[in-house]
Amino acid sequence: MIQFDSDRRLFSISTDGSSYVFGLNDKGVLQHLYWGDPVAAADCAPLLGSRLHSSFDAALDREAEEFAYWGGLSYMEPCLKVRWYDGVRDLRMAYASHRIERADDGKETLTIVLRDEAYPLEAHLVYAVRPGHDLIERHVEIVNAGDRDVVLESAQSAAWSMPELRDYRLTHVTGKWAGEFQLRGAALTEGKKVLESRRGFTDGHANPWFAIDDGAATEEAGRVWFGALGWSGNWKIVLENTAFGRVRVTGGINDFDSEWTLGPGERFETPSFVGGYAAGGFGAMSRALHRYQYEHVSPGKELRKVLYNSWEATYFDVNAKDQMALAERAAKVGAELFVVDDGWFGQRHHDRAGLGDWIVNADKFPNGLEELIDRVRGLGMAFGIWVEPEAVNPDSELYRSHPDWVYHFPTRPRTELRNQLVLDLSNPAVKSYIVDFMSRLLGEHDISFVKWDMNRTITEPGMRDHPLNRQKELWIRHVRSLYEIWAELRRRFPGVAFETCAGGGSRIDLGMLRYADQAWPSDNTDAFDRLGIQEGFSYAYAPKLMTCWVTEAVSGMNKRITSLKYRFHSAMTGTLGIGANLNEWSEEQLAEAARLVAQYKAIRPLVQGGRQYRLAALKHKGVDAVQYVGVGESGEESVLFAFLHAQKLGDGLPRLCLLGLDPDKRYEIEGGAFDCAKNEEPESEGAKGEGAEIEGARGKGNDGAKDVRSGRALMRIGVELPLRGDFDSLMYRVRELRS
Ligand code: DGJ
């Protein structure tokens, strides 16, 4: 897969569906040559060579540099910028050596060593590919081989050069609290577009993922180049288009307010930046990223449990009695994991106090947490708990004992957000305190799931016990320390699953997902709003990693009223959870919820492990549809969810063509109520539309006859969508018929 052609001085990385080629030109510049559909590396040789337009535009080949260092004639976004002990701020890196290694699992790694001509600094550019994936994992290791400090002002993970396209369209996500993962498209004209976080965590305002196409790619067709960065602190992705039409995407740790002093013999490793090429549109891009996450990023390989979470039901008003009542009902509807959210510890009766005091509140739990855990376990569920270890309320015992444990500048007020401050994770005492209290909590109780929250950004970035000339290391130290804490907890408690949450989706990235089994994309649990958030999430991240809750009929977020079925269907497109106050649900609602949970469990392997197809053909009609395809016990299986926003009278819906099936196979379609044969008119909220789904799908009434169609018909002629009115939804299950 990885080769070096020494005659032509070409490096090539070939995967099943892509070629990536670069070479060493006459000036010793590692020049990017090609990335796209497979080609022979030798055919790229004529592309290699230095170029000059004028003395004002010298060294144009450096616009396509594999690793742009700040020095000489390089004016584009640098991958490496340093400051030497003698005040020199210039690099001149030359190729020194390379090696290609192959691991037992087939993973191949290319390491190219660049060395400065005058100073003892090396940059090791690492490229890795895995069999069956059209992705390249890149990072850089900077090595100080001398005996003096060198300051890294910027050390980026990779620069991805794009081919020449007619136009460059960037697809990315933006957002805010309760509105994360909103998809956007932007034309990249000459100049720079910067996506970044400066807030201390990944951030919901942007996410470290990008996709570029020529403006014509669709869900199912067209060429897409994309990348995702694994860093959960300040990051930056710079998309730069030059006057000569070269587009380069440089990404890594944000260099804003950031520096790292590399001592003699030390090595600095950047986070991983994964890049890929997909010839089959945005759908193929997402499926490539999802499969990579399932196979090589996500720690837990098993199916995610249907969870119940107490937050929206009881907020801070947590007590053993109410939680046990909720647990009874959660078990009744089929939940497999019961999670107590915020409010169980210290004087945490609201968000103004108690954060940091991780002692079970004895008034709320007079018989300890054990009583609730025993009940939950007795009901056949696992038990989970909420924590926010990195933050502290000033009104807490922890802060009263250790006021200097938070980031701060002694001469400045400490900015509070949600009445809390951020603990200085670079301080070894703070780090041990977190590992210790978490180990006590997980060691003393039968806890199988931790929801790890973080509800504020970092301000006043000062580390009291750190050298003054190294204060700008804070942004990196916080994240590294966090990763080390998670790694240590996972090592000590291998049976515990973790969820990453930061007031919603502010800390979701490939770095965090190496430790977290699942992620909370948004505090917005409105079933309709969530469709957009979940769609944006799905561009970069896999459905199994996305926790989705069913909450109340009148959404607390925006007062929207939707049926139980619609709310369930919306949440069933990821890892299903329930976050409503089940103590107030009627027996009928509980029974319907139980039926929907059972349906989810039946299709869960498809949603959590199958290939996801976003069906965008009817978006202009207000229909969101998503399909999952995989292999079940009886052969190929698929499940389709479709959601109608609002319908005008008489404005019917055309059929919807499915994707990803085998044209020559025969499939049986079952409507949303495939496990019950009722065919009611949509009178009651709960039953709305279900009967119609069966009838519509069969096209000949609910007479019990099988509705069998070929894959070809399902993909070319499509299925009926008997959706009506506002906020209607359906689920079809499609199964291969073998006999
Ligand atoms: C923010 C989270 O996103 C919510 O789900 C909930 O856990 C609250 N924090 C608790 O304070």
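Residues numbered from 1 in each chain as written. Predicted model: local features only at pLDDT ≥ 70, side-chain atom pairs only at ≥ 80, totals over all residues. Heavy atoms only, no water.

Some thoughts on the overall build of the protein
Thinking step 1. Along the protein, the regular secondary structure elements total 12 helices and 36 strands.
Thinking step 2. Against the compact-globule benchmark of 27 Å for 739 residues, the protein has a radius of gyration of 27 Å, which places it among compact chains.
Thinking step 3. Along the first, second and third principal axes, the C-alpha set of the protein runs to 80 × 65 × 45 Å.
Thinking step 4. Here the contacts in the protein between residues at least 6 apart in sequence split such that 69% fall between residues at least 24 apart.
Thinking step 5. Of the charged side chains in the protein, 89 are positive and 109 negative; the average position of the first set lies 1 Å away from that of the second. (Helix = DSSP H or I, 4+ residues; strand = E, 2+ residues; numbered from the N terminus. Rg over C-alpha atoms; globule rule 2.2 N^0.38 Å. Contact = heavy atoms within 4.5 Å. Lys, Arg positive; Asp, Glu negative; His and termini not counted. Charge placed at Lys NZ, Arg CZ, Asp CG, Glu CD.)

A word on the packing of helix α6 (residues 428–444) against helix α7 (residues 474–492)
Thinking step 1. Close contact between α6 and α7 brings their axes to 10 Å; oriented N to C, the two are set at 30 degrees. Regarding the angle of α6 to α7, the classification is roughly parallel. Judged by the sense of rotation from one axis to the other, the crossing of α6 with α7 is right-handed. Contact residues: K431, I434, V435, M438 and S439 in α6; S481, E484, I485, E488, L489 and R492 in α7. (Axes fitted to C-alpha atoms, helices over the stretch in contact; angles between N-to-C directions. Parallel < 35°, antiparallel > 145°, perpendicular 65-115°, else oblique. Left-handed = near helix turned anticlockwise from the far one by under 90°.)

Section: unusual backbone geometry
Glycine aside, the phi torsion of most residues is negative, and most peptide linkages are trans.
Thinking step 1. With a phi close to 55 degrees, R9 is a non-glycine residue in the positive phi region.
Thinking step 2. According to the relative accessible area criterion, R9 is partly exposed, its value standing at 35%.
Thinking step 3. Residues other than glycine seldom take positive phi values, yet E460 does so here, at roughly 45 degrees.
Thinking step 4. Look at E460 and you get buried, because its relative accessible area is 15%. (Buried < 20%, exposed > 50% of the residue type's maximum accessible area, 1.4 Å probe, protein only.)

Quick notes on the sheet that holds strand β34 (residues 666–670)
Thinking step 1. Read across the sheet, 6 strands follow the order β31-β32-β33-β36-β34-β35 without closing on themselves; strand pairing throughout is antiparallel. Lying at the two open borders of the sheet, with one neighbouring strand each, are β31 (611–615) and β35 (707–710). Adjacent strand axes in the sheet meet at a mean angle of 25 degrees when their direction is disregarded.
Thinking step 2. When strand β32 (residues 623–632) meets strand β33 (residues 635–644), the two strands line up antiparallel, connected through 10 bridges. Across the sheet, the residue bridging to V623 is L644, located in β33.
Thinking step 3. Against the sheet, helix α9 (residues 564–571) contacts β33 and β36 (728–736), and its axis sits at roughly 55 degrees relative to β36. (Pairing = 2+ DSSP bridges.)

Examining the site of the ligand
Thinking step 1. Around the ligand, a shell composed of 14 residues is seen, among which D341, D342, K451, D453 and D523 lie nearest.
Thinking step 2. Take R418: an N or O atom from its side chain is 2.9 Å from an oxygen atom of the ligand.
Thinking step 3. Taken by itself the ligand offers 300 Å² of open surface, and the protein chains cover 98% of this.
Thinking step 4. Each residue belonging to the shell around the ligand can be placed in one class, and the counts come to 5 nonpolar, 3 polar and 6 charged. (Near = heavy atom within 4 Å. Polar contact = N/O pair within 3.5 Å; in protein donor to acceptor, adjacent residues only side chain to side chain. Areas by Shrake-Rupley, 256 points an atom, 1.4 Å probe, with all protein chains shown as cover. Nonpolar A, V, L, I, M, F, W, Y, C, P; charged D, E, K, R; others polar.)

Some thoughts on the packing of α9 against helix α10 (residues 587–609)
Thinking step 1. One can describe the packing of α9 onto α10 by two numbers: an axis separation of 11 Å at closest approach and a directional angle of 30 degrees. Compared by their axis directions, α9 and α10 come out roughly parallel. By crossing handedness, the relation of α9 to α10 is classed as right-handed. Counting all contacts with α9, which are made through L564, K565, F568 and H569, the residues of α10 involved are Q589, E592, A593, L596 and V597.
Thinking step 2. The residue makeup of the contact of α9 with α10, split by class, is 5 nonpolar, 2 polar and 2 charged.

A word on the nonpolar core
Thinking step 1. Counting 186 residues, the largest nonpolar core has L80, I212 and F338 as its most contacted members.
Thinking step 2. Residues within four places of F338 in sequence aside, it is in contact with Y308, Q323, L326, A327, A330, L372, V376, M381, A382, F383 and G384.
Thinking step 3. Ranked by size, the runner-up nonpolar core spans 22 residues in total, among them L644, L656, I669 and V719. (Core = buried A, V, L, I, M, F, W, Y, C linked by side-chain atoms within 4.5 Å.)

Observations concerning the domain arrangement of the protein
Thinking step 1. By the assigned domains, the protein splits into domain 1 (2–297), domain 2 (307–608) and domain 3 (612–736).
Thinking step 2. Of note, the centres of domain 1 and domain 3, computed from C-alpha atoms alone, are 42 Å apart.
Thinking step 3. Of the residues lining the interface, 7 residues belong to domain 1; the matching set on domain 3 comes to 5 residues.
Thinking step 4. Summed over both partners, the interface of domain 1 with domain 3 comes to about 530 Å²; 45% of that surface belongs to carbon and sulfur atoms.
Thinking step 5. Inspection of the region where domain 1 meets domain 3 yields 1 salt bridge. (Domains from an automatic or database assignment. Buried area = accessible area lost by both parts, 1.4 Å probe. Salt bridge = Lys/Arg side-chain N within 4 Å of Asp/Glu carboxyl O.)

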